[in-house]
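Architecture and fold: a report
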Amino acid sequence: MNESIFRPKSLERISSPEEIDDYMKVTRPSLWLTLGVIVLLLAAMILWSVTARIEATAVVDGQTVTEEIAPVSFLIG
């Protein structure tokens, strides 16, 4: 019952002081690219929601009424 859950070769590799500064690659460039695209899309959506105007047209009592609505008008006032 004295068995280790780690392989002896792995323990030797980790315990050697020469390899303590070795560069460990954690993420791939494709992951950074995906994260960058998501951030750009979020920034574009926020910019659009603040600056865009949407036209709403309705017929009221036989007259056509057009009104511009801001997507975040409930925040602006």
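Placed above this text is the structure.
Model, not experiment: these values are computed from the prediction.

Reading guide: rules and limits
Residues numbered from 1 in each chain as written. Predicted model: local features only at pLDDT ≥ 70, side-chain atom pairs only at ≥ 80, totals over all residues. Heavy atoms only, no water. Helix = DSSP H or I, 4+ residues; strand = E, 2+ residues; numbered from the N terminus. Buried < 20%, exposed > 50% of the residue type's maximum accessible area, 1.4 Å probe, protein only. Areas by Shrake-Rupley, 256 points an atom, 1.4 Å probe, with all protein chains shown as cover. Pairing = 2+ DSSP bridges. Patch = residues over 30% accessible without salt bridge, like charges linked within 9 Å, V, L, I, M, F, W, Y side chains within 5 Å. Salt bridge = Lys/Arg side-chain N within 4 Å of Asp/Glu carboxyl O.

1. A closer look at the overall build of the protein
Looking only at helices and strands, the protein features three helices and two strands. For the protein, the N- to C-terminal ordering of α and β elements is α-α-β-β-α. Counting across all 77 residues of the protein, residues that qualify as buried make up 6%. Total accessible area on the protein stands at roughly 7,700 Å², and carbon and sulfur atoms take up 64% of it.

2. Re unusual backbone geometry
For D61, which is not glycine, the phi dihedral falls at a positive 55°. You can see D61 is positioned in the loop between strand 1 (54–60) and strand 2 (63–69).

3. Some remarks on the pairing of strand 1
Regular strands have side chains that alternate between both faces of the sheet. By the bridge criterion, seven bridges tie strand 1 to strand 2 in an arrangement that is antiparallel. Along strand 2, the bridge assignment pairs V59 with T64. Between strand 1 and strand 2, which pair antiparallel one after the other, the connecting turn spans two residues, and D61 there sits at a positive phi close to 55°.

4. Details of a nonpolar patch on the surface
On the surface, I5, F6 and L11 cluster together into a nonpolar patch covering about 360 Å² of accessible area. Looking at the element boundaries, F6 is found in the segment before helix 1 (8–15).

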